[in-house]
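Chain by chain, the residues run as shown.
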Amino acid sequence: MAFDQDAVRRTAHLARLALPQEEVPAVASQLEKIMSLVEELSAIPTEGILPMAHPLDLEQPLRQDQVSNHDERQRLMASAPATEHGLFLVPKVIE
Amino acid sequence: MDLHDFSLRQLREGLQKRDFSAQELTKNLLKRIHTLNPELNAFVTVTEAAALESAARADDRLAKGESGTLLGLPMAHKDIFCTAGVPTTCGSKMLKNFVAPYSATVVERLAAEGMVMLGKLNMDEFAMGSSNETSYFGPVRNPWNTKMVPGGSSGGSAAAVAAGLVPVATGTDTGGSIRQPAALCGITGIKPTYGRVSRYGMIAFASSLDQGGAMARSAEDCALLLNVMVAHDPRDSTSHPAAASDLLRGLDRPLQGLRVGVPEEFFGEGLDPEVAAAVQAGIDQLAKQGASIQSIRLPNNPHAVSTYYVLAPAEASSNLSRFDGVRYTHRSSAGESLDDLYLQSRYEGFGAEVRRRILVGTYVLSAGYYDAYYLKAQQVRSLIREDFRRAFAEVDVIVGPTTPEPAFALGAKNADPVSMYLADIYTIAVNLAGIPALSLPCGFTGSGLPIGMQLMGDYFADDLLLNVAHRYQQETDWHLARPNLKAGEA
């Protein structure tokens, strides 16, 4: 079945979730249940059916290419966990 | 009757006639919140000082003779709507310390009307849940029986309205998150046509399904609130150019000649017999008021849950990738490298259900699986929409149960996520198609739990749904029943 423990670990890494090893078996069994729920879709004939992108088939509107945002750096950074000199701080990425 | 039982219309009349001031009204409800909220846990933030200030401003405007429809009337927002200067948590540890730098369009519009926001309402984490138990801030309790869940994800909104903490509240509905808690708490709630209410500043779960709406004790109050919420918003690229409309104009139209369709698929296996009986009585009532009833088929409706659990997690996994521990979210202290910081912050910041959905979404979008799951689900979604198109060629409104069963006990469905997902079996197809739907109370179980009836309409038939619900509520009194709540034993 789709969700063995390897698949869980692989997917968790793609999703950037540090799932501890002791949680992997339980998560695998829950995800397997969910995937068996959605498995029934494969039996539905859909040849030639267009996938639905928007309920009302609206197209994406375009707007003028003009600056409309204000400089709100201070307000936007107020919730940041760590900043310095108006920049977001992260662990060192280049040695 | 106490102030907390008043409808918006009654409150407005009271304010206009100066029977009470907006400040007195606000203080009255704040006191009720302080008394009842410790048990119900419906509010996560009470904005007492700001509420009293905006009530004072409303009183000034009322004294000058202003007569806005909602001026000075109290409300609260689901904590998914960004409110400038006020915490917006989305029910998550991830956003525990997030103070939104700007307000959602919905928040701005209701504030501009002079409404008084009393606070922010509890919800399932990132709107993922049907019982309000996934909230980082603890479960909300159902005012009709505090051992029971209020439904979700807008469970705080539904409980607050049912308990008379606020007359109206906002909610959002991605797979039933307005209608299911409305049904379980015995109130009225409407999910409008997709694109009618701006999603700007509404924290995204599944963008092609998410829609804000109104929750209140009556259809008329829903209409009054929603009437201000609907508008085209250039800041939301999926906002419909024809979003705005007068939802009050047709509210009183008689139901003579209304064509009501009853889908066979909604009355099959798994439906609680008490719910079935109450909804059937509701349909009989509509017939008594002049509607003609016919049986219809929605053959693809049984595929709605599986379609949803591909598409919604897929969109969620993409939307929630922005929560990285760097800019405005929970940040782990464990991360030593940048990758560790992402991995640990996201693991710690998201609860188990949100992590599960991110994993499902990541999986169905990952290389090699896209066609089998995502594309397939989007095709089945087309079939589900076609079902509704065919049905609305023959009928004006589709009626059925909102939920397969009344409120269930706290903890009852936590062991098996799929059993929880099936709580939304009748509500999900509506979101996939993007049509409007409303839940209204239509009876009680023998043990005193409310039962909800769902009305579904064609695109932009929001006004018709409110009209049908309003006329029904003119002839019935289910919506007037109130839970028996006393401080200390709530």
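Residues numbered from 1 in each chain as written. Chains lettered and ligands numbered in written order. Predicted model: local features only at pLDDT ≥ 70, side-chain atom pairs only at ≥ 80, totals over all residues. Heavy atoms only, no water.

Colleague: Would you explain the side chain of B:Asn142 in this entry?
Modeller: All names here are of chain B. Residue position: Asn142 is located in the loop between strand 3 (116–121) and helix 5 (155–162). There is a polar contact of 2.9 Å between the side chain of Asn142 and the backbone nitrogen of Trp144. Non-local contacts of Asn142, meaning those with residues more than four positions away in its chain, are made with Met148, Val149, Pro150, Leu184, Cys185 and Ala407. (Helix = DSSP H or I, 4+ residues; strand = E, 2+ residues; numbered from the N terminus. Polar contact = N/O pair within 3.5 Å; in protein donor to acceptor, adjacent residues only side chain to side chain. Contact = heavy atoms within 4.5 Å.)

Colleague: Explain the layout of surface pockets to me, please; I cannot follow it from the model alone.
Modeller: Empty pockets left among the atoms are what a rolling probe the size of a water molecule brings to light. Residues and elements named next belong to chain B. As a volume, the largest pocket reaches approximately 850 Å³. Class assignment of the residues belonging to the lining of the largest pocket gives a composition of seven nonpolar, six polar and seven charged. Here the second largest pocket is characterised by a volume of approximately 610 Å³. Along the walls of the second largest pocket sit 23 residues, with Cys82, Tyr102, Gly201, Arg322 and Tyr328 positioned nearest its centre. When the residues that make up the lining of the second largest pocket are grouped by side-chain class, the tally is 14 nonpolar, four polar and five charged. (1 Å grid on protein atoms, 1.4 Å probe; cavity = no way out; pocket = protein on both sides within 12 Å on 5 of 7 lines; lining within 4 Å. Points joined across faces, edges and corners; volume = space filled by probe spheres on them. Nonpolar A, V, L, I, M, F, W, Y, C, P; charged D, E, K, R; others polar.)

Colleague: I keep staring at the side chain of B:Asn431 and nothing clicks. Help me out?
Modeller: Residues and elements named next belong to chain B. Within the element layout of this structure, Asn431 appears in helix 14 (residues 428–433). Polar contacts involving the side chain of Asn431 include one to the side chain of Arg179, which spans 2.6 Å. Once residues within four sequence positions are removed from consideration, Asn431 is found in contact with Asp173, Thr174, Gly175, Gly176, Arg179, Lys191, Leu209 and Arg381.

Colleague: When you look at the confidence of the model for chain B in this model, what are you seeing that I'm missing?
Modeller: Low-pLDDT stretches of the model should not have their predicted coordinates read in fine detail. Considering every residue of chain B, the mean pLDDT works out to 96; 99% of them sit at 70 or more. Prediction confidence for the complex, expressed as pTM and ipTM, is 0.97 and 0.94 respectively. (pLDDT = per-residue confidence, 0-100.)

Colleague: Whenever I open this one, empty space enclosed by the protein confuses me. Can you help?
Modeller: A complete count under the given rule lists three cavities of 30 Å³ or more for this structure. Considered as a void within the structure, the largest cavity measures approximately 60 Å³ in volume. Looking at the lining of the largest cavity residue by residue, the classes come out as five nonpolar, four polar and two charged.

Colleague: Just checking my understanding: could you explain the state of the cysteines for this structure?
Modeller: Two cysteines, two sulfur atoms, one covalent bond between them: this is a disulfide. Residues and elements named next belong to chain B. Across all of its chains, the model carries zero disulfides over all chains by this definition. Cysteine Cys185 remains unbridged, with the sulfur of Cys222 as its closest cysteine sulfur at 13 Å. Classification of Cys185 by relative accessible area gives buried; the value is 0%. (Disulfide = S-S within 2.5 Å. Buried < 20%, exposed > 50% of the residue type's maximum accessible area, 1.4 Å probe, protein only.)

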